[in-house]
Amino acid sequence: EKKKLYLGMDFGTSGARYALIDHQGNTYAQGKRDYPLYMKEEKMDWIQSWKDTLFLLLDDVPVSLRPIVASIAIDGTSATTIIMDSKSEEPLSRPFLYNESCPDALPLVKSIAPTNHTVCSGSSTLCKLVAWWNSYDSSKESVVLLHQADWLLWLLHGKLGVSDYNNALKVGYDPEMDSYPSWLLSQPYSHLLPSVQDPGTKIECMKEDIRTQFDWITYIVKLHEHDGLGDLLLMCPFTLSGYPKDCLICTGTTDSIAAFLAARATQPGKAVTSLGSTLAIKLLSIRRVEDARFGVYSHRLGDKWLVGGASNTGGAVLRQLFTDEQLEKLSEQINPLEASPLDYYPLQAVGERFPVADPKMEPRLHPRPANDVEYLHGILESIARIEAKGYNLLKDLGANPVEEVITSGGGSKNEKWTKIRERVLGLPVCRANQTEAAYGAALLAMKGACGNTTSD
Ligand code: ADP
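Every chain begins its residue count from 1, and numbering advances along the sequence as written. Local features in this predicted model are restricted to residues of pLDDT 70 or higher, and side-chain atom pairs are both shown and tallied only at a pLDDT of 80 or more, whereas totals for entire chains, interfaces and linings draw on every residue. As a rule here, side-chain values come from all non-hydrogen atoms in the structure, and water together with hydrogens is ignored.

Engineer: Please provide a residue-by-residue account of the packing of aromatic side chains, values included.
Structural biologist: Aromatic pairs are defined between Phe, Tyr and Trp rings, using the six-membered ring for Trp, whenever the two ring centres lie within 6.5 Å; interplanar angles under 30 degrees are classed as stacked, those over 60 as edge-to-face, and all others as tilted. Following the criterion strictly, the structure yields 11 aromatic pairs and no others. Ring plane angle 65° and centroid distance 6.4 Å describe the contact between Phe 322 and Tyr 375, whose orientation is recorded as edge-to-face. On the criterion of sequence distance, the pair formed by Phe 322 in the loop between helix H10 (315-321) and helix H11 (324-332) and Tyr 375 in helix H12 (residues 372-396) is long-range, its members being 53 residues apart. Residues Phe 322 and Tyr 375 agree in their burial class; the two are buried. With centroids separated by 5.7 Å and ring planes inclined at 80°, the aromatic side chains of Tyr 344 and Tyr 375 adopt a geometry described as edge-to-face. Linking Tyr 344 in the loop between H11 and H12 with Tyr 375 in helix H12, this pair joins segments that are 31 residues apart in sequence. The residues Tyr 344 and Tyr 375 share a single accessibility class, namely buried. Counting from the N terminus, the helices are DSSP H or I runs at least four residues long and the strands are E runs at least two residues long. Each residue is placed in one exposure class: buried if its accessible area under a 1.4 Å probe, protein chains only, is under 20% of its type's maximum, exposed if it is over 50%, and partly exposed if it falls in between.

What follows is the structure, encoded as structure tokens:
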């Protein structure tokens, strides 16, 4: 059996990365590119920037490994939306970015969607679609909506109008029924909606003209088209160069789901806490859980659900008080087996949503003890209590009880905090081996090529 590798690419908020892995999950190559800054009519030209980044990453993959890349999958930022003409294959407007809001479309969306549906937020894909639909005057017959990942994948496979149910959630796709709901299909713009597949489903082989761009033999043959050397080269015994003819392009997912996949938590009850600037928790559950009051919703993952909630507490507050070096020095002196009596609610600004829905909640970081070790201990312990409350809330809403917590983000390297969290949560807590979304996308590529991943 010939060795095969799987390529994942992550188009995140600050740049793009790739990871190339084998069937056992070993990483063979990885890399990062910043988005080049291109301006068009005084605005950032994201389309050109993402496109160039895609081809730069494909070119960064070591030449010697390209011939054994069996498949490729890509994740992108959630709700980043591109509306394009299927005839000219050109975007009909600049892309709507993940965090862009279209508040004018919200009343209309709210009037057609069920109460508290995921699409009822100004930054949802559906609000972006409605905003575009109502402002565009030319013909809208041959138009198609793509998410960022769909569009990047389309550049590689050429089959227009394919998405996955993670990206399509915020445009209104119902992953439980596995269809668009009737309230959406009855809208005049329903013909723009892409068809939806499982994340990690093979779509098509890489387009010939894309493939040959990365094939140096083809390149040299072209250079020597007229002097006979080209024909000679074509007769050479080495046929392997560039990406293979049967390199499969597979459906992707969103960036945060790809990051969850990277941690390889595949059993219900397994969870990933991200301790970055904010605190986000994601729990694998048999049951789907939604509660708009707390901003809790579920993404489908095969026959399970990924239930998530995000608090405004987290590392950003720590960074306001201490440098990362101070954090390390002070943490060393904490005794994690001792409970801190200090009860804080660290927030950067007024307002919290999960696990307490209170837009007026004030940050609470007082009283501040004279000793900074005690102060930090109190803050870390308080954030741990908020995390525990979060998992309890998910359970109360109907999700599986959490059994084990994997940690990612800047806070995951703090071993004392891990010990504090183990005590407060009453659960085993460990650090994730893999947290790169690109690695999660590579697992989807593997799924597309093999039908499963090693841990399934
Ligand atoms: P994001 O990507 O969300 O901006 P990161 O995952 O890079 O964040 O994590 C950065 C956060 O980690 C910072 O807010 C910082 O306060 C926190 N952090 C860094 N070092 C430590 C540490 N030793 N202990 C706890 N938190 C830390």
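Engineer: Explain the domain arrangement of the protein chain to me, using residue names and the numbers behind them.
Structural biologist: An automatic or database domain assignment supplies the start and end points of every domain. Looking at the assigned domains, one finds that the protein chain contains domain 1 (5-205 + 248-254 + 439-450) and domain 2 (267-432). Here the C-alpha centroids of domain 1 and domain 2 sit 30 Å apart. What makes two residues a contact is simply this: any of their non-hydrogen atoms within 4.5 Å. Contacts between the two partners involve 11 residues from domain 1 and, on the opposite side, 10 residues from domain 2. Approximately 890 Å² of surface area, both sides summed, lies buried where domain 1 meets domain 2, with 50% of it carried by carbon and sulfur atoms. What counts as buried area is the accessible surface, traced by a 1.4 Å probe, that two parts surrender upon association, with contributions from both included. In terms of surface lost to domain 2, no three residues of domain 1 exceed Tyr 165, Leu 169 and Pro 175, which account for 42% of the buried area on that side. For this document, the term salt bridge refers to a Lys or Arg side-chain nitrogen within 4 Å of an Asp or Glu carboxyl oxygen. Where domain 1 touches domain 2, the interface holds 3 salt bridges. Residues Asp 178 and Arg 300 are paired through a salt bridge, measuring 3.3 Å at the closest nitrogen-oxygen approach. Along the lines of polarity and charge, the residues of the side of domain 1 that touches domain 2 split into 3 nonpolar, 3 polar and 5 charged. Note that Gly is not counted as nonpolar here; it falls among the polar residues with everything else outside the nonpolar set of Ala, Val, Leu, Ile, Met, Phe, Trp, Tyr, Cys and Pro and the charged set of Asp, Glu, Lys and Arg.

Engineer: Can you lay out the pairing of strand E3 (residues 27-33) for me, pointing to particular residues and giving the numbers?
Structural biologist: Pairing analysis gives 6 bridges linking strand E2 (residues 16-21) to E3, with the strands arranged antiparallel. From the neighbouring strand, Tyr 18 faces E3, where its bridge partner is Gly 31. The criterion for strand pairing is that DSSP finds at least two bridges linking the strands in question. With antiparallel pairing between neighbouring strands as the criterion, E2 and E3 make up a hairpin whose turn holds 5 residues, including Gly 25 at a positive phi of roughly 90°.

Engineer: Give me the lowdown on the site of the ligand, citing residues and values where you can.
Structural biologist: The rule for a residue being near a molecule or strand is that one of its heavy atoms must lie within 4 Å of it. Every one of the 14 residues lining the ligand counts as a neighbour, but Ser 277, Gly 315, Gly 409, Gly 410 and Asn 414 are closest to it. Contact between the ligand and Ser 277: an oxygen atom at 2.7 Å from a side-chain N or O atom of the residue. Pairing of N or O atoms within 3.5 Å defines a polar contact, subject to two protein rules: one partner must be a possible hydrogen donor and the other a possible acceptor, and residues neighboring in sequence count only if both atoms are side-chain atoms. Gly 410 has a polar backbone atom sitting 2.9 Å from an oxygen atom of the ligand. Out of a free accessible area of 580 Å², the ligand has 74% covered by protein chains. Elements with a minimum of two residues in the shell around the ligand: H10 and H11. If you tally residues by element for the shell around the ligand, the top one is H10, at 4 residues. Note that accessible areas follow from Shrake-Rupley with a 1.4 Å probe, and for residues the cover is restricted to the protein chains shown.

Engineer: Give me the lowdown on the sheet that holds strand E13 (residues 270-275), citing residues and values where you can.
Structural biologist: Through backbone hydrogen bonds, the strands of a sheet pair up, either in parallel or in antiparallel fashion. Spatially, the 6 strands line up as an open sheet ordered E15-E16-E14-E13-E17-E18, and their pairing is mixed. Of all the strands in the sheet, just strand E15 (297-301) and strand E18 (429-431) have a single pairing partner and so form its edges. Pairs of neighbouring strands in the sheet enclose a mean axial angle of 25°, with direction left out of account. Pairing analysis gives 5 bridges linking E13 to strand E14 (residues 279-285), with the strands arranged antiparallel. By the bridge assignment for E14, Leu 275 is matched with Leu 279. Set on the sheet, H12 makes contact with E13, E14, strand E16 (304-311) and strand E17 (404-408); between it and E14 the angle comes to about 30°. Angles run from 0 to 180 degrees between N-to-C directions of axes, and those axes are lines fitted to C-alpha atoms, restricted for helices to the stretch in contact. Its contacts with the sheet place helix H13 (residues 415-425) against E13, E17 and E18, and it is angled at close to 150° to E18.

Engineer: How would you sum up the sheet that holds strand E6 (residues 69-76)? Please name residues and give values.
Structural biologist: Across the sheet, 6 strands lie side by side as E3-E2-E1-E6-E12-E11; this open sheet has mixed pairing. Each having just a single partner strand, E3 and strand E11 (202-205) make up the two edges of the open sheet. Neighbour-to-neighbour, the strand axes of the sheet open up by a mean angle of 20°, direction not taken into account. Of the strand pairs in this sheet, strand E1 (residues 5-11) and E6 are connected by 7 bridges, and their pairing is parallel. By the bridge assignment, Phe 11 is partnered in E6 with Gly 76. Seen against the sheet, helix H9 (residues 255-262) touches E1, E6 and strand E12 (248-254) and runs at an angle of roughly 105° to E12. Each of E1, E2, E3, E6, E11 and E12 touches helix H14 (residues 437-450); the most contacted strand, E1, lies at about 135° to it.

Engineer: Could you give an account of the state of the cysteines, naming the residues involved and the relevant values?
Structural biologist: When two cysteine sulfur atoms lie within 2.5 Å, the pair is treated as a disulfide. Summed over the entire model, instances satisfying the criterion amount to 0 disulfides. Not part of a disulfide, Cys 127 finds its nearest cysteine sulfur in Cys 102, a span of 6.8 Å. Under the relative-accessibility criterion, Cys 127 is labelled buried at 0%. In this structure Cys 250 is not part of a disulfide, and its nearest cysteine sulfur, from Cys 247, lies 8.3 Å away.

Engineer: Describe the pattern of salt bridges, naming the residues involved and giving the relevant values.
Structural biologist: All chains considered together, the criterion is met by 20 salt bridges. Between Asp 22 and Lys 3 there is a salt bridge, with its nearest N and O atoms 3.0 Å apart. Separated by 19 residues along the polypeptide, Asp 22 in the loop between E2 and E3 and Lys 3 in the segment before E1 bring together distant segments of the chain. On the accessibility criterion, Asp 22 (1% relative accessible area) is buried. Using a relative accessible area of 36% as the deciding quantity, one classes Lys 3 as partly exposed. When the shortest N-O distance is used, the salt bridge between Asp 291 and Arg 293 registers 2.6 Å. Counted as one network, the salt bridges with shared partners bring together Asp 174, Glu 176, Arg 288 and Glu 290.

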